[in-house]
Amino acid sequence: MTTYFIRRFLLAFPTFIGITLIAFTIIQFVPGGPLEQEIISLKMGMTQMGEAGAGGSNDVASGGTTIPAEALEEMKAYYGYDKPVLLNFRIWGPEKQVTRYMEGLRQEPALKEREVQLTSLLGRMREGEDTAPMRAQVNHLREEIKAERERIEQLRSNVIACADIAVPALLKVALDESGQLDASQREKAVDLLIKRLALPVWISQDYETKLAQVKGWAAKNEAKGTGPVALVWKTFSYGRYGAWLIRIFHLDLGRSHTYSRPVWDVMKSKFPVSIYFGVIGLVLVYSICIPLGVWKAVKHGSRFDTASSVIVFIGYSIPGWALGAVLLVLLGGGSFWDVFPLGGFRSEDWEYLGFWAKIWDQVHHTILPIIAWEIGSFASMTILMKNSRMENLSQDYVRTAFSKGLSEKRVVFVHALRNSLIPLATGLGHLIGIIFAGSYLIEKVFNIDGFGLLGFNSLIHRDYPVMLSSMVISAVIGLMGNILSDMIYAAIDPRIRFK
(Lines give C-alpha, C1' and ligand atoms only; values in the text may rest on other atoms or scores of the structure.)
Protein backbone atom coordinates (compact mmCIF):
# COMPACT_ATOMS: atom_id res chain seq x y z
CA MET A 1 0.00 0.00 0.00
CA THR A 2 2.95 2.31 0.67
CA THR A 3 4.04 1.86 -2.95
CA TYR A 4 0.56 2.80 -4.11
CA PHE A 5 0.53 6.06 -2.18
CA ILE A 6 4.07 6.93 -3.30
CA ARG A 7 2.88 6.38 -6.86
CA ARG A 8 -0.16 8.59 -6.22
CA PHE A 9 2.03 11.39 -4.87
CA LEU A 10 4.33 11.14 -7.90
CA LEU A 11 1.38 11.14 -10.31
CA ALA A 12 0.12 14.31 -8.61
CA PHE A 13 2.95 16.31 -10.24
CA PRO A 14 2.05 15.62 -13.91
CA THR A 15 -1.61 16.05 -13.01
CA PHE A 16 -0.83 19.41 -11.44
CA ILE A 17 1.17 20.45 -14.50
CA GLY A 18 -1.71 19.39 -16.78
CA ILE A 19 -4.24 21.41 -14.76
CA THR A 20 -2.11 24.52 -14.62
CA LEU A 21 -1.03 24.24 -18.27
CA ILE A 22 -4.62 24.20 -19.55
CA ALA A 23 -5.76 27.02 -17.26
CA PHE A 24 -2.67 29.16 -17.93
CA THR A 25 -2.99 28.77 -21.71
CA ILE A 26 -6.70 29.68 -21.71
CA ILE A 27 -6.08 32.74 -19.53
CA GLN A 28 -3.41 34.04 -21.90
CA PHE A 29 -5.89 34.21 -24.79
CA VAL A 30 -8.80 35.75 -22.89
CA PRO A 31 -9.31 39.36 -24.05
CA GLY A 32 -9.24 42.23 -21.58
CA GLY A 33 -6.15 41.10 -19.65
CA PRO A 34 -4.09 43.37 -17.40
CA LEU A 35 -1.95 44.65 -20.29
CA GLU A 36 -4.99 45.63 -22.35
CA GLN A 37 -6.58 47.31 -19.33
CA GLU A 38 -3.38 49.19 -18.58
CA ILE A 39 -3.11 50.35 -22.20
CA ILE A 40 -6.75 51.51 -22.26
CA SER A 41 -6.34 53.31 -18.95
CA LEU A 42 -3.15 55.00 -20.13
CA LYS A 43 -4.72 56.06 -23.43
CA MET A 44 -7.73 57.51 -21.64
CA GLY A 45 -5.42 59.44 -19.34
CA MET A 46 -3.40 60.75 -22.28
CA THR A 47 -6.56 61.80 -24.10
CA GLN A 48 -7.87 63.70 -21.07
CA MET A 49 -4.61 65.38 -20.22
CA GLY A 50 -3.81 66.35 -23.78
CA GLU A 51 -0.94 65.42 -25.98
CA ALA A 52 1.66 67.68 -24.38
CA GLY A 53 0.70 67.14 -20.78
CA ALA A 54 0.57 63.34 -21.06
CA GLY A 55 3.91 63.10 -22.78
CA GLY A 56 2.34 60.94 -25.46
CA SER A 57 3.10 60.91 -29.10
CA ASN A 58 1.03 61.83 -32.09
CA ASP A 59 0.88 58.73 -34.25
CA VAL A 60 1.02 59.96 -37.79
CA ALA A 61 0.54 56.46 -39.11
CA SER A 62 -2.86 55.97 -37.53
CA GLY A 63 -3.82 59.57 -36.95
CA GLY A 64 -4.40 59.01 -33.21
CA THR A 65 -2.62 59.17 -29.85
CA THR A 66 -0.53 56.09 -29.05
CA ILE A 67 1.65 54.92 -26.22
CA PRO A 68 5.37 55.37 -26.86
CA ALA A 69 7.07 52.18 -27.99
CA GLU A 70 9.48 52.27 -25.06
CA ALA A 71 6.64 52.47 -22.54
CA LEU A 72 4.76 49.69 -24.31
CA GLU A 73 7.84 47.50 -24.21
CA GLU A 74 8.28 48.07 -20.48
CA MET A 75 4.62 47.25 -19.86
CA LYS A 76 4.91 44.01 -21.85
CA ALA A 77 8.04 43.04 -19.92
CA TYR A 78 6.33 43.86 -16.59
CA TYR A 79 3.38 41.57 -17.35
CA GLY A 80 5.53 38.94 -19.10
CA TYR A 81 3.94 39.49 -22.51
CA ASP A 82 7.30 39.94 -24.20
CA LYS A 83 7.70 36.13 -24.26
CA PRO A 84 5.78 33.33 -26.02
CA VAL A 85 3.07 31.56 -23.99
CA LEU A 86 4.55 28.07 -23.82
CA LEU A 87 7.80 27.35 -25.66
CA ASN A 88 10.30 29.95 -26.72
CA PHE A 89 11.78 28.55 -29.93
CA ARG A 90 13.24 31.94 -30.80
CA ILE A 91 16.20 31.29 -28.50
CA TRP A 92 17.44 28.63 -30.95
CA GLY A 93 18.81 31.28 -33.30
CA PRO A 94 19.76 34.37 -31.26
CA GLU A 95 22.38 35.59 -33.74
CA LYS A 96 19.88 35.35 -36.62
CA GLN A 97 17.31 37.29 -34.59
CA VAL A 98 19.81 40.06 -33.87
CA THR A 99 20.91 40.17 -37.52
CA ARG A 100 17.32 40.42 -38.78
CA TYR A 101 16.55 43.19 -36.30
CA MET A 102 19.60 45.17 -37.35
CA GLU A 103 18.61 44.74 -41.01
CA GLY A 104 15.16 46.00 -40.12
CA LEU A 105 16.67 49.07 -38.51
CA ARG A 106 18.27 49.93 -41.87
CA GLN A 107 14.77 50.80 -43.06
CA GLU A 108 14.46 53.55 -40.43
CA PRO A 109 15.70 56.45 -42.68
CA ALA A 110 13.29 55.49 -45.48
CA LEU A 111 10.53 55.15 -42.91
CA LYS A 112 11.26 58.63 -41.55
CA GLU A 113 11.04 60.06 -45.07
CA ARG A 114 7.61 58.48 -45.55
CA GLU A 115 6.43 59.86 -42.22
CA VAL A 116 7.58 63.35 -43.25
CA GLN A 117 5.76 62.93 -46.55
CA LEU A 118 2.63 61.82 -44.71
CA THR A 119 2.82 64.76 -42.32
CA SER A 120 3.15 67.13 -45.29
CA LEU A 121 0.11 65.61 -47.00
CA LEU A 122 -1.97 65.84 -43.84
CA GLY A 123 -0.99 69.48 -43.45
CA ARG A 124 -2.08 70.27 -47.00
CA MET A 125 -5.40 68.48 -46.40
CA ARG A 126 -6.03 70.53 -43.25
CA GLU A 127 -5.47 73.71 -45.26
CA GLY A 128 -8.25 72.70 -47.67
CA GLU A 129 -6.39 70.86 -50.38
CA ASP A 130 -8.41 67.70 -49.89
CA THR A 131 -8.74 65.54 -52.99
CA ALA A 132 -9.59 61.89 -53.54
CA PRO A 133 -6.11 60.94 -54.89
CA MET A 134 -4.51 62.69 -51.91
CA ARG A 135 -6.70 60.79 -49.44
CA ALA A 136 -5.84 57.52 -51.19
CA GLN A 137 -2.15 58.36 -50.99
CA VAL A 138 -2.45 59.20 -47.27
CA ASN A 139 -4.20 55.91 -46.55
CA HIS A 140 -1.60 54.01 -48.55
CA LEU A 141 1.26 55.69 -46.69
CA ARG A 142 -0.38 55.05 -43.32
CA GLU A 143 -0.81 51.35 -44.02
CA GLU A 144 2.71 51.06 -45.38
CA ILE A 145 4.28 52.81 -42.37
CA LYS A 146 2.16 50.85 -39.93
CA ALA A 147 3.10 47.49 -41.51
CA GLU A 148 6.80 48.35 -41.52
CA ARG A 149 6.69 49.57 -37.91
CA GLU A 150 4.95 46.37 -36.84
CA ARG A 151 7.53 44.28 -38.69
CA ILE A 152 10.43 46.04 -36.97
CA GLU A 153 8.66 45.78 -33.63
CA GLN A 154 8.21 42.03 -34.16
CA LEU A 155 11.91 41.68 -34.96
CA ARG A 156 12.70 43.62 -31.80
CA SER A 157 10.38 41.35 -29.77
CA ASN A 158 12.16 38.30 -31.17
CA VAL A 159 15.48 39.68 -29.91
CA ILE A 160 13.98 40.52 -26.51
CA ALA A 161 12.57 36.98 -26.22
CA CYS A 162 16.10 35.58 -26.42
CA ALA A 163 17.97 38.60 -25.07
CA ASP A 164 19.81 36.73 -22.33
CA ILE A 165 21.23 34.24 -24.83
CA ALA A 166 21.70 36.87 -27.51
CA VAL A 167 24.07 38.91 -25.33
CA PRO A 168 27.23 37.89 -27.28
CA ALA A 169 25.57 38.74 -30.62
CA LEU A 170 24.29 42.07 -29.29
CA LEU A 171 27.72 42.85 -27.87
CA LYS A 172 29.27 42.29 -31.30
CA VAL A 173 26.80 44.76 -32.77
CA ALA A 174 27.44 47.26 -29.97
CA LEU A 175 31.18 47.06 -30.63
CA ASP A 176 30.57 47.22 -34.41
CA GLU A 177 32.99 44.37 -35.14
CA SER A 178 31.70 44.20 -38.73
CA GLY A 179 32.40 47.88 -39.32
CA GLN A 180 29.19 48.20 -41.37
CA LEU A 181 26.72 49.48 -38.76
CA ASP A 182 25.57 53.01 -38.14
CA ALA A 183 25.33 54.78 -34.79
CA SER A 184 21.59 54.16 -34.47
CA GLN A 185 21.99 50.38 -34.73
CA ARG A 186 24.80 50.33 -32.17
CA GLU A 187 22.82 52.54 -29.78
CA LYS A 188 19.77 50.28 -30.00
CA ALA A 189 21.88 47.18 -29.37
CA VAL A 190 23.41 48.78 -26.28
CA ASP A 191 20.01 49.94 -25.04
CA LEU A 192 18.60 46.43 -25.42
CA LEU A 193 21.55 45.00 -23.48
CA ILE A 194 21.15 47.54 -20.70
CA LYS A 195 17.41 47.00 -20.35
CA ARG A 196 17.40 43.23 -20.55
CA LEU A 197 20.35 42.91 -18.17
CA ALA A 198 18.79 45.45 -15.79
CA LEU A 199 21.96 47.51 -15.63
CA PRO A 200 21.78 50.77 -13.64
CA VAL A 201 22.59 53.20 -16.45
CA TRP A 202 20.78 56.47 -17.09
CA ILE A 203 19.19 56.91 -20.50
CA SER A 204 20.74 60.38 -20.78
CA GLN A 205 24.30 59.05 -20.54
CA ASP A 206 26.36 58.89 -23.73
CA TYR A 207 27.00 55.81 -25.81
CA GLU A 208 30.56 55.24 -24.56
CA THR A 209 29.48 55.27 -20.90
CA LYS A 210 26.68 52.80 -21.54
CA LEU A 211 28.93 50.56 -23.63
CA ALA A 212 31.53 50.49 -20.83
CA GLN A 213 28.82 49.36 -18.42
CA VAL A 214 27.80 46.55 -20.77
CA LYS A 215 31.43 45.46 -21.24
CA GLY A 216 31.90 45.39 -17.48
CA TRP A 217 28.87 43.17 -17.07
CA ALA A 218 30.07 40.80 -19.82
CA ALA A 219 33.52 40.52 -18.20
CA LYS A 220 32.01 39.51 -14.84
CA ASN A 221 29.47 37.01 -16.15
CA GLU A 222 30.21 33.76 -17.85
CA ALA A 223 28.64 32.90 -21.18
CA LYS A 224 25.29 31.13 -20.93
CA GLY A 225 25.24 27.38 -21.63
CA THR A 226 24.25 26.54 -25.20
CA GLY A 227 24.35 22.70 -25.14
CA PRO A 228 21.29 20.65 -26.21
CA VAL A 229 20.06 20.12 -22.64
CA ALA A 230 20.52 23.79 -21.81
CA LEU A 231 18.68 24.85 -24.97
CA VAL A 232 15.74 22.50 -24.29
CA TRP A 233 15.50 23.79 -20.72
CA LYS A 234 15.67 27.40 -21.87
CA THR A 235 13.09 26.76 -24.59
CA PHE A 236 10.69 25.80 -21.81
CA SER A 237 11.80 28.14 -19.02
CA TYR A 238 11.97 31.25 -21.25
CA GLY A 239 8.28 30.92 -22.13
CA ARG A 240 5.60 32.56 -19.98
CA TYR A 241 4.29 29.26 -18.59
CA GLY A 242 7.73 27.85 -17.85
CA ALA A 243 8.87 31.01 -16.07
CA TRP A 244 5.63 31.11 -14.06
CA LEU A 245 5.81 27.41 -13.12
CA ILE A 246 9.41 27.75 -11.95
CA ARG A 247 8.39 30.66 -9.71
CA ILE A 248 5.53 28.57 -8.31
CA PHE A 249 7.90 25.72 -7.43
CA HIS A 250 10.04 28.33 -5.65
CA LEU A 251 6.89 29.33 -3.68
CA ASP A 252 6.77 32.72 -5.40
CA LEU A 253 3.13 33.43 -6.27
CA GLY A 254 3.94 36.77 -7.87
CA ARG A 255 2.55 40.23 -7.21
CA SER A 256 -1.09 41.26 -7.42
CA HIS A 257 -1.82 43.89 -10.07
CA THR A 258 -4.90 45.07 -8.19
CA TYR A 259 -3.48 45.30 -4.66
CA SER A 260 0.15 46.07 -5.65
CA ARG A 261 1.28 43.58 -3.00
CA PRO A 262 2.69 40.04 -3.03
CA VAL A 263 -0.10 37.57 -3.75
CA TRP A 264 0.66 35.50 -0.65
CA ASP A 265 0.33 38.59 1.58
CA VAL A 266 -3.07 39.26 0.02
CA MET A 267 -4.23 35.65 0.36
CA LYS A 268 -3.11 34.73 3.83
CA SER A 269 -5.45 37.22 5.48
CA LYS A 270 -8.41 35.61 3.65
CA PHE A 271 -7.80 32.01 4.69
CA PRO A 272 -9.10 32.24 8.30
CA VAL A 273 -12.48 33.50 7.10
CA SER A 274 -12.97 30.71 4.55
CA ILE A 275 -11.61 28.06 6.93
CA TYR A 276 -14.04 29.27 9.62
CA PHE A 277 -17.08 28.69 7.39
CA GLY A 278 -15.62 25.55 5.83
CA VAL A 279 -14.91 23.79 9.15
CA ILE A 280 -18.31 24.67 10.60
CA GLY A 281 -20.02 23.48 7.43
CA LEU A 282 -18.03 20.22 7.35
CA VAL A 283 -18.84 19.42 10.98
CA LEU A 284 -22.52 20.24 10.50
CA VAL A 285 -22.85 18.21 7.30
CA TYR A 286 -21.37 15.04 8.74
CA SER A 287 -22.98 15.39 12.18
CA ILE A 288 -26.47 15.84 10.69
CA CYS A 289 -26.37 13.83 7.47
CA ILE A 290 -25.00 10.58 8.93
CA PRO A 291 -27.73 10.08 11.60
CA LEU A 292 -30.41 11.44 9.25
CA GLY A 293 -29.36 9.09 6.44
CA VAL A 294 -29.27 6.13 8.85
CA TRP A 295 -32.71 6.97 10.19
CA LYS A 296 -34.15 7.38 6.69
CA ALA A 297 -32.76 3.95 5.76
CA VAL A 298 -34.24 2.33 8.85
CA LYS A 299 -37.60 4.06 8.23
CA HIS A 300 -37.52 3.53 4.46
CA GLY A 301 -40.95 3.99 2.88
CA SER A 302 -42.45 5.71 5.95
CA ARG A 303 -44.01 9.20 6.01
CA PHE A 304 -40.87 10.52 7.68
CA ASP A 305 -38.72 9.14 4.83
CA THR A 306 -41.00 10.58 2.15
CA ALA A 307 -41.31 14.02 3.77
CA SER A 308 -37.59 14.31 4.48
CA SER A 309 -36.77 13.19 0.91
CA VAL A 310 -38.98 15.96 -0.51
CA ILE A 311 -37.21 18.54 1.64
CA VAL A 312 -33.77 17.15 0.78
CA PHE A 313 -34.39 17.15 -2.98
CA ILE A 314 -35.85 20.67 -2.90
CA GLY A 315 -32.70 21.78 -1.10
CA TYR A 316 -30.50 19.94 -3.60
CA SER A 317 -32.21 21.68 -6.55
CA ILE A 318 -31.59 25.19 -5.20
CA PRO A 319 -28.15 26.72 -5.85
CA GLY A 320 -26.54 27.86 -2.63
CA TRP A 321 -25.88 31.40 -3.84
CA ALA A 322 -29.51 31.78 -5.01
CA LEU A 323 -30.80 30.59 -1.65
CA GLY A 324 -28.46 33.03 0.04
CA ALA A 325 -29.85 35.95 -1.98
CA VAL A 326 -33.43 34.91 -1.13
CA LEU A 327 -32.60 34.58 2.57
CA LEU A 328 -31.01 38.02 2.60
CA VAL A 329 -34.08 39.56 0.97
CA LEU A 330 -36.46 37.84 3.40
CA LEU A 331 -34.44 37.99 6.63
CA GLY A 332 -31.77 40.61 6.04
CA GLY A 333 -33.77 43.66 7.09
CA GLY A 334 -34.82 44.73 3.62
CA SER A 335 -38.49 44.56 2.62
CA PHE A 336 -39.50 41.82 5.07
CA TRP A 337 -38.02 40.72 8.41
CA ASP A 338 -34.97 42.20 10.10
CA VAL A 339 -33.62 39.04 11.70
CA PHE A 340 -30.07 38.70 10.38
CA PRO A 341 -27.43 41.21 9.27
CA LEU A 342 -27.20 42.11 5.61
CA GLY A 343 -23.91 40.29 4.94
CA GLY A 344 -20.39 40.73 6.20
CA PHE A 345 -18.24 38.54 8.43
CA ARG A 346 -18.67 40.63 11.58
CA SER A 347 -20.17 43.94 12.66
CA GLU A 348 -18.01 47.02 12.23
CA ASP A 349 -17.94 47.63 16.00
CA TRP A 350 -17.08 43.99 16.80
CA GLU A 351 -13.76 44.96 18.41
CA TYR A 352 -15.57 47.08 21.01
CA LEU A 353 -18.15 44.43 22.01
CA GLY A 354 -18.02 42.33 25.14
CA PHE A 355 -17.10 38.62 25.12
CA TRP A 356 -20.62 37.19 24.85
CA ALA A 357 -21.71 39.98 22.54
CA LYS A 358 -18.83 39.07 20.22
CA ILE A 359 -19.90 35.43 20.17
CA TRP A 360 -23.51 36.36 19.47
CA ASP A 361 -22.48 38.76 16.73
CA GLN A 362 -20.31 36.11 15.09
CA VAL A 363 -23.08 33.50 15.26
CA HIS A 364 -25.54 36.07 13.92
CA HIS A 365 -23.34 36.64 10.87
CA THR A 366 -22.72 32.90 10.38
CA ILE A 367 -26.19 31.32 10.22
CA LEU A 368 -27.35 32.47 6.76
CA PRO A 369 -24.00 31.90 4.96
CA ILE A 370 -23.70 28.42 6.46
CA ILE A 371 -27.21 27.50 5.30
CA ALA A 372 -26.42 28.66 1.77
CA TRP A 373 -22.92 27.15 1.91
CA GLU A 374 -23.99 23.62 2.78
CA ILE A 375 -27.46 23.20 1.28
CA GLY A 376 -26.17 21.18 -1.67
CA SER A 377 -23.73 19.04 0.32
CA PHE A 378 -26.38 18.44 2.99
CA ALA A 379 -28.80 16.93 0.48
CA SER A 380 -26.27 14.79 -1.40
CA MET A 381 -24.66 13.45 1.77
CA THR A 382 -27.99 12.47 3.29
CA ILE A 383 -29.11 10.53 0.23
CA LEU A 384 -25.67 8.95 -0.17
CA MET A 385 -25.70 7.81 3.44
CA LYS A 386 -29.23 6.42 3.15
CA ASN A 387 -28.51 4.46 -0.03
CA SER A 388 -25.23 3.10 1.32
CA ARG A 389 -26.96 2.11 4.52
CA MET A 390 -29.76 0.29 2.69
CA GLU A 391 -27.29 -1.56 0.52
CA ASN A 392 -25.39 -2.79 3.55
CA LEU A 393 -28.55 -3.79 5.39
CA SER A 394 -29.31 -6.21 2.55
CA GLN A 395 -25.90 -7.90 2.74
CA ASP A 396 -25.38 -11.46 3.95
CA TYR A 397 -23.31 -10.44 6.96
CA VAL A 398 -26.25 -8.37 8.28
CA ARG A 399 -28.66 -11.29 7.87
CA THR A 400 -26.12 -13.52 9.61
CA ALA A 401 -25.90 -11.07 12.51
CA PHE A 402 -29.70 -11.06 12.87
CA SER A 403 -29.82 -14.87 12.66
CA LYS A 404 -27.31 -15.07 15.53
CA GLY A 405 -29.81 -13.22 17.68
CA LEU A 406 -28.10 -9.83 17.87
CA SER A 407 -30.32 -6.83 18.57
CA GLU A 408 -31.40 -4.53 15.72
CA LYS A 409 -29.64 -1.60 17.40
CA ARG A 410 -26.32 -3.47 17.52
CA VAL A 411 -26.59 -4.72 13.93
CA VAL A 412 -27.60 -1.34 12.50
CA PHE A 413 -25.32 0.95 14.47
CA VAL A 414 -22.30 -1.30 15.00
CA HIS A 415 -22.01 -3.85 12.19
CA ALA A 416 -23.46 -1.98 9.21
CA LEU A 417 -22.50 1.60 10.08
CA ARG A 418 -18.76 1.27 9.41
CA ASN A 419 -19.22 -0.12 5.91
CA SER A 420 -21.90 2.47 5.17
CA LEU A 421 -19.43 5.29 5.83
CA ILE A 422 -17.11 4.24 3.00
CA PRO A 423 -18.94 6.15 0.20
CA LEU A 424 -18.96 9.31 2.34
CA ALA A 425 -15.19 9.30 2.35
CA THR A 426 -15.35 9.89 -1.42
CA GLY A 427 -16.43 13.48 -0.96
CA LEU A 428 -14.00 14.35 1.80
CA GLY A 429 -11.30 15.54 -0.57
CA HIS A 430 -13.75 17.85 -2.30
CA LEU A 431 -15.03 19.20 1.01
CA ILE A 432 -11.49 19.90 2.20
CA GLY A 433 -11.01 21.95 -0.95
CA ILE A 434 -14.11 23.99 -0.08
CA ILE A 435 -12.80 24.55 3.46
CA PHE A 436 -9.68 26.26 2.17
CA ALA A 437 -10.86 27.69 -1.10
CA GLY A 438 -14.22 29.04 0.03
CA SER A 439 -17.16 29.53 -2.25
CA TYR A 440 -16.86 32.27 -4.84
CA LEU A 441 -20.51 33.18 -5.31
CA ILE A 442 -21.69 32.72 -1.72
CA GLU A 443 -18.94 34.96 -0.34
CA LYS A 444 -19.87 37.48 -3.01
CA VAL A 445 -23.59 37.35 -2.10
CA PHE A 446 -22.91 37.80 1.62
CA ASN A 447 -19.99 40.19 1.09
CA ILE A 448 -17.69 38.00 3.15
CA ASP A 449 -14.08 39.03 2.66
CA GLY A 450 -12.68 35.52 2.30
CA PHE A 451 -10.74 33.49 -0.22
CA GLY A 452 -13.77 33.00 -2.47
CA LEU A 453 -14.50 36.74 -2.74
CA LEU A 454 -10.83 37.39 -3.45
CA GLY A 455 -10.94 34.86 -6.29
CA PHE A 456 -14.18 36.36 -7.65
CA ASN A 457 -12.76 39.89 -7.66
CA SER A 458 -9.55 38.71 -9.29
CA LEU A 459 -11.65 37.24 -12.11
CA ILE A 460 -13.53 40.50 -12.58
CA HIS A 461 -10.37 42.65 -12.51
CA ARG A 462 -8.29 40.15 -14.55
CA ASP A 463 -5.75 39.97 -11.74
CA TYR A 464 -3.96 37.00 -13.29
CA PRO A 465 -1.38 36.37 -10.50
CA VAL A 466 -4.18 36.05 -7.93
CA MET A 467 -6.33 33.96 -10.28
CA LEU A 468 -3.51 31.56 -11.05
CA SER A 469 -2.44 31.35 -7.41
CA SER A 470 -6.02 30.53 -6.39
CA MET A 471 -6.06 27.82 -9.03
CA VAL A 472 -2.72 26.44 -7.80
CA ILE A 473 -3.89 26.26 -4.19
CA SER A 474 -7.22 24.70 -5.18
CA ALA A 475 -5.49 22.14 -7.42
CA VAL A 476 -2.99 21.14 -4.73
CA ILE A 477 -5.72 20.84 -2.08
CA GLY A 478 -7.91 18.82 -4.45
CA LEU A 479 -5.09 16.40 -5.34
CA MET A 480 -4.07 15.96 -1.73
CA GLY A 481 -7.73 15.58 -0.74
CA ASN A 482 -8.18 12.69 -3.19
CA ILE A 483 -5.15 10.91 -1.75
CA LEU A 484 -6.51 11.53 1.74
CA SER A 485 -9.81 9.98 0.66
CA ASP A 486 -7.95 6.83 -0.39
CA MET A 487 -6.22 6.69 3.00
CA ILE A 488 -9.57 7.00 4.76
CA TYR A 489 -10.93 4.20 2.57
CA ALA A 490 -8.18 1.93 3.77
CA ALA A 491 -8.65 2.99 7.40
CA ILE A 492 -12.43 2.40 7.36
CA ASP A 493 -12.45 -0.90 5.47
CA PRO A 494 -9.53 -3.27 6.23
CA ARG A 495 -10.52 -5.34 3.17
CA ILE A 496 -9.34 -2.57 0.85
CA ARG A 497 -5.75 -3.00 -0.25
CA PHE A 498 -4.35 -0.67 -2.91
CA LYS A 499 -1.87 -2.40 -5.16
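Values in this document were obtained by computation on a predicted structure and should not be read as measured data.

1. Here's the deal with the overall build of the protein chain
Then, in step 1: Within the protein chain, the secondary structure is distributed over 23 helices and 2 strands.
Then, in step 2: Looking at the protein chain as a whole, 41% of its 499 residues are labelled buried.
Then, in step 3: Sequence-distant contacts, at least 24 apart, represent 71% of the contacts inside the protein chain between residues at least 6 apart.
Then, in step 4: Of the roughly 27400 Å² of accessible surface on the protein chain, a fraction of 62% belongs to carbon and sulfur atoms.

2. Regarding empty space enclosed by the protein
Then, in step 1: Using the criterion set out here, one finds 2 cavities of 30 Å³ or more in the structure.
Then, in step 2: Here the largest cavity defines a volume of roughly 50 Å³.
Then, in step 3: Forming the boundary of the largest cavity are Phe340, Pro341, Gly343, Gly344, His364, His365, Leu368, Pro369 and Phe446.
Then, in step 4: Here the lining of the largest cavity is built from residues that sort into 5 nonpolar, 4 polar and no charged.

3. Quick look at the confidence of the model for the protein chain
Then, in step 1: Across the protein chain, the average pLDDT comes to 80, with 90% of residues at or above 70.
Then, in step 2: Across residues 54-63, confidence stays below pLDDT 50; counting only partners more than four residues off in sequence or on other chains, it has 24 contacts.

4. Section: the nonpolar core
Then, in step 1: Counting 33 residues, the largest nonpolar core has Val98, Tyr101, Met102, Leu170, Val190, Leu193 and Val214 as its most contacted members.
Then, in step 2: Looking at this core, the elements that each hand over two or more residues are α5 (94-105), α7 (132-161), α8 (167-175), α9 (183-196) and α10 (207-220).
Then, in step 3: If you tally residues by element for this core, the top one is α8, at 6 residues.
Then, in step 4: For Met102, the residues in contact, after removing those within four places along its chain, are Val173, Gln185 and Ala189.
Then, in step 5: Of all hydrophobic cores here, the second largest spans 32 residues; its members include Phe16, Trp244, Leu454 and Ala475.

5. A short note on unusual backbone geometry
Then, in step 1: The residue Leu251 is not glycine, and still its phi comes out positive at about 60°.
Then, in step 2: Looking at Leu251, the relative accessible area reads 76%, which means it is exposed.
Then, in step 3: The backbone phi angle of Ser260 is positive, close to 55°, even though this residue is not glycine.
Then, in step 4: With respect to the element layout, Ser260 can be found in the loop between α12 (240-249) and α13 (263-268).

6. As for the pattern of salt bridges
Then, in step 1: Under the criterion given, the structure shown has 11 salt bridges.
Then, in step 2: For Arg114, the salt bridge goes to Glu144, with nearest N and O atoms at 3.9 Å. In this pair, Arg114 is assigned in helix α6 (residues 108-126) and Glu144 in helix α7, connecting sequence segments 30 residues apart.
Then, in step 3: On the basis of relative accessible area, Glu144 is assigned to the partly exposed category, the value being 33%.
Then, in step 4: Residues joined by salt bridges that share partners form a network here, namely Glu108, Glu115 and Arg149.

7. A look at the packing of aromatic side chains
Then, in step 1: According to the stated counting rule, one finds 13 aromatic pairs in the structure shown.
Then, in step 2: Seen from their ring centres, Tyr276 and Phe345 are 5.4 Å apart, and the 85° between their planes marks the pair as edge-to-face. Residue Tyr276 is found in helix α14 (residues 271-298), and its partner Phe345 is found in the loop between α16 (320-331) and α17 (355-393); the two are separated by 69 residues along the sequence.
Then, in step 3: Residue classification places Phe345 among the buried positions, given a relative accessible area of 18%.
Then, in step 4: Pairwise contacts between aromatic rings join Phe24, Trp233, Phe236, Tyr241 and Trp244 into one cluster.
Then, in step 5: Against the face of Trp350 rests Arg346, its NZ or CZ located 3.8 Å from the ring centre.

8. As for the packing of α9 against α10
Then, in step 1: Running from N to C, α9 and α10 point in directions that differ by 45°, and their axes come no closer than 10 Å. By the criterion of interaxial angle, the relationship of α9 to α10 is oblique. Considering the relative orientation of α9 and α10, their crossing is left-handed. In this structure, α9 uses Arg186, Glu187, Val190, Asp191, Leu193 and Ile194 to contact α10, whose residues at the interface are Tyr207, Lys210, Leu211 and Val214.
Then, in step 2: Here the residues of the contact of α9 with α10 are counted per class, giving 6 nonpolar, no polar and 4 charged.

9. Re α8
Then, in step 1: Listed in full, the buried residues belonging to α8 are Val167, Ala169, Leu170, Leu171, Val173 and Ala174.
Then, in step 2: A positive phi of about 55° marks Asp176, the residue just after α8.

Parameters at a glance
Residues numbered from 1 in each chain as written. Predicted model: local features only at pLDDT ≥ 70, side-chain atom pairs only at ≥ 80, totals over all residues. Heavy atoms only, no water. Helix = DSSP H or I, 4+ residues; strand = E, 2+ residues; numbered from the N terminus. Buried < 20%, exposed > 50% of the residue type's maximum accessible area, 1.4 Å probe, protein only. Contact = heavy atoms within 4.5 Å. Areas by Shrake-Rupley, 256 points an atom, 1.4 Å probe, with all protein chains shown as cover. 1 Å grid on protein atoms, 1.4 Å probe; cavity = no way out; pocket = protein on both sides within 12 Å on 5 of 7 lines; lining within 4 Å. Points joined across faces, edges and corners; volume = space filled by probe spheres on them. Nonpolar A, V, L, I, M, F, W, Y, C, P; charged D, E, K, R; others polar. pLDDT = per-residue confidence, 0-100. Core = buried A, V, L, I, M, F, W, Y, C linked by side-chain atoms within 4.5 Å. Salt bridge = Lys/Arg side-chain N within 4 Å of Asp/Glu carboxyl O. Phe/Tyr/Trp six-rings, centres within 6.5 Å; stacked < 30°, edge-to-face > 60°. Lys NZ or Arg CZ within 6 Å of the ring centre and 35° of its normal. Axes fitted to C-alpha atoms, helices over the stretch in contact; angles between N-to-C directions. Parallel < 35°, antiparallel > 145°, perpendicular 65-115°, else oblique. Left-handed = near helix turned anticlockwise from the far one by under 90°.

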